[in-house]
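The primary structure of each chain is shown beneath.
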Amino acid sequence: MSKPLRQHRLDEQHVSALASGGGDVHTVAQLLAVERSWRLLQLRALLDIVGPDHDTGPLPSVRAAWDLLTEAERHDPAAVDDLLLHPQAGVWAGYTLRRLRGTARSAAPLWVDLGYLHSLAAAAALRAGIDFRMTVPVRDGHAVLPTLGAAPVQGASQWDSTEVRGSAGSGVVSTPAGEVRVGGDGWQAMSIVRVQADEHTLAVRLDCLDPYRNLRAPTPPRALSDPELSRWRGLLTQAWQMLVETSPALATPMARGLFSVVPQPPAERFRTMSASAGDAFGCMTMSEPRDATELAVTMVHEFQHIKLGALLHLAPLHTGEPARRLYAPWRDDPRPLGGLLQGVYAFAGITEFWRAVRHWASDDAATLAHFEFARWRRQVRAVLALIAQLPQLTELGRRLVAGLTATADRWQTDGVPDQPLAAAHDAVADHRARWRLHHLRPPAEVVTTFTECWMACADRPDMPAVEPALEADPNAQGLDARAVLELWRLTDAAGFERLRADPTSIGARVTGARPADLALVAGDREAARRGYLHELSTDPDRPGAWSGLGLILAQTRPGPAAEALRDRPELVRAVHRAVRSRGGDAGPVELAAWIGPR
C-alpha cells in the first residue's frame, strides 16, 4: 500500500457539479479516490496510536494483521481496494480511533474492536486467494468476514476469538461444533442485490451482519428472513427502475458509489428513518419502505449526504457556528450550521426527484409529486436565503450555497396545480409555526408590555422588533403532522378514511396530530376551527392548536389574526398565557388580531 503521496483535487467541472447539487459517475470516481486515501489515513492514524506492542488479547498483533492485508494487496489490489472502500470499514476505523482517543466508550474489550482489522485481513486474503491463518474476534456469537458474511460460533462468549484458515480462495472458520466453510453449510452469506434498468446496473449488499453497519456503535447481527429479503429485492428493483426512468442524473452516479444498504424495521408511515455518515461513503441505513417511491426518494436523500460527506473530506464549508441553532424545515429540532448544510443539500436532491416524477406519474401519484415538489422547493429556497447571509461560510461553502440557489431559482417558475400547491404552502406554514412555538421565546419585557396593554383595553404597543430567544424544546416531535396527514390523503384514500372514522386514535397513528388536524386536512374547516378552539380552552400551550388555528384563519378570515399566528405565534401564545395567569380573559382569535403582524 505504499503508493506515492499526492494531494487530492477535484476537477473544476466536478466541483461545479457538486455545488449545484449534482455530479456524474466521473465525479463519484474522483470522490472514491479521495475516500480511499481517507481510509488509509484512518488506518495510519490507528497504527500510530496502537503500536506493535499493544495488548490485543487472544489475537495476533495489529502488525501481523496489517502484514497479511498488505500481502493480499500485492496479490489482488482490486480486492483490497474493495475492502478499503467497504463502508463499514470506515465506520470501524472512525469508531476505534475515537475509542483510542477516549471520546467513545464500549462494553467490549478494546481488542475486539481492534480485531476488525484482523477480520479485514482474513477477508482480503481469502479474496486474493493466498494461504493464511488468522485469529479473528467473535462478537455476539459471530465471526464476521467483511463483505463476505459470518459464521455463527455456538457456545462462544460475547467477546471471543476463533481461527480462520484459507488456501487458494477457499476458507474455513473453526467453531466448537466443527469447521464452517466460507460459502458452505452453516455460513451466513452477505446478501447481494443486483438490479438492472436500461443497461444501468445497481449492485448493493444488504448488510445485516457487519457489527459496524449502523454507522455509530457496534450492533449484533440480525439476519433477514426470506420474506424480508424478497421484499427488499423487489422494492430495490422497482425503485431502481423508477430512478433510472425519471431521474437518470440522480440515479447513474449511485451505480458507481452506492455499495450497501442496511435494512431497519419499518418506521411510522411517511416518516422514513434513514441515515448515512461521513466515515461510511457508499452506505445508507434505512427503515423498510412501504413502496418503491419511498425507497427511491430515500436513496436520493442519502446519496446526496454521501457525496457531500466526501467533499467535506477535502475542505470545510464553514469555519464556525452562528450564535444560535437554526430552523431546518425537515427536522423537529434546531440545527447547527453543518447539519443545516447537509440537510439542504439532501433536500435539493429530493426536490429534483419530485420535480421529475410529477411528469412521469399519473393520477394520485402525480398529485403527490406536485405536493412534495412544491413543499420542498419553497423550504429549500428559504433555507438557502438564510444560510447565504451567514459570515461563517468558507469560500467553498459560499460557492455551494450559490450553486444550490441557482438550482432552486430554476424551480420557482415551474407550474404546480392549485390544490397541491395550496396544500404544500399550508404544510410549510404549519411546520414553521409549530417550530417557532416549540423553540422560540419572546422577550419577557415585550410579553409584559403587551399583556398590560391588553388588560387595560389599550391599543397594541408600538415596540421595536426584538428577536425571540431560542430555547430548544427536547420534547418537540411530529412537527410535520399536517404534511403527513396530507400524504395519507393523497396516497391512501381508504386509509385516510379509516383515520377519520376513529379520530380519537389519530395521535397513535400520526405522531403530533390531533382530531382537529385530521378535520382540517379533510376539508372540514368548521370542525377544525371548533376543535382547535376547544384544544386551546383545555390545553392553551399546545403548539399544533395555535398553528392549526392560524391555518384556518388564513383560509377563512385572512387578516391580522392569521398573520400574527403565522409570523409570531410564540408571542400570541405567551401573551395569552400571561393574561390568563393574571386572571384576565383573552380569546385566541381576538388576541391574535389585536397583536397583528409585525
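Preceding this section is the structure that the text describes.
Here goes a summary of the coordinates provided. (Residues numbered from 1 in each chain as written. Predicted model: local features only at pLDDT ≥ 70, side-chain atom pairs only at ≥ 80, totals over all residues. Heavy atoms only, no water.)

Okay, the packing of aromatic side chains next. Under the definition given, this model contains 11 aromatic pairs. Relative to phenylalanine 347, the ring of tryptophan 330 has its centre 4.7 Å away and its plane inclined at 10°; by these criteria the two rings are stacked. Placement of the pair is tryptophan 330 in the loop between helix 10 (292–312) and helix 11 (337–360) and phenylalanine 347 in helix 11, with a sequence separation of 17 residues. No difference in accessibility class separates tryptophan 330 from phenylalanine 347, as the two residues are buried. Plain terms: the ring middles of phenylalanine 347 and tryptophan 376 are 4.4 Å apart, the flat faces sit at 50° to each other, and that makes the pair tilted. A residue pair is termed long-range when its members are at least 10 positions apart, and phenylalanine 347 in helix 11 and tryptophan 376 in helix 12 (residues 363–388) qualify at 29 residues. Each member of the pair, phenylalanine 347 as well as tryptophan 376, is classed as buried. Through pairs of rings, three or more aromatic residues link up here, namely Trp92, Tyr95, Tyr116 and Tyr212. Between the NZ or CZ atom of arginine 269 and the centre of the ring of tryptophan 488, over which it lies, the distance is 4.4 Å. Note that arginine 358 overlies the ring of phenylalanine 373, its terminal NZ or CZ placed 4.2 Å from the centroid. (Phe/Tyr/Trp six-rings, centres within 6.5 Å; stacked < 30°, edge-to-face > 60°. Helix = DSSP H or I, 4+ residues; strand = E, 2+ residues; numbered from the N terminus. Buried < 20%, exposed > 50% of the residue type's maximum accessible area, 1.4 Å probe, protein only. Lys NZ or Arg CZ within 6 Å of the ring centre and 35° of its normal.)

Attention shifts here to the nonpolar core. Nonpolar side chains in soluble globular proteins generally cluster together in the buried interior. Counting 87 residues, the largest nonpolar core has Trp240, Leu243, Met299, Trp330, Phe353, Trp354 and Ile387 as its most contacted members. A per-element tally of this core places helix 11 first, with 12 residues. Apart from residues lying up to four places away in sequence, tryptophan 240 is in contact with Val195, Gln196, Ala197, His200, Thr201, Leu202, Ala251, Met254 and Ala255. Grouped together as the second largest cluster of nonpolar side chains are 51 residues, Tyr116, Leu126, Ala128 and Val182 included. (Core = buried A, V, L, I, M, F, W, Y, C linked by side-chain atoms within 4.5 Å. Contact = heavy atoms within 4.5 Å.)

Okay, the pattern of salt bridges next. Within this structure, the stated rule accounts for 39 salt bridges. Among the salt bridges present, the one from aspartate 333 reaches arginine 331, with a minimum N-O distance of 2.9 Å. The exposure class of aspartate 333 is partly exposed, given its relative accessible area of 27%. A salt bridge links arginine 542 to glutamate 535, with the nearest nitrogen and oxygen atoms 2.5 Å apart. No difference in accessibility class separates arginine 542 from glutamate 535, as the two residues are buried. Among the charged side chains, a network of salt bridges with common partners joins Asp430, Arg434, Arg514, Asp517, Glu535 and Arg542. (Salt bridge = Lys/Arg side-chain N within 4 Å of Asp/Glu carboxyl O.)

Remember, this is a structural readout, not a statement about activity or role.
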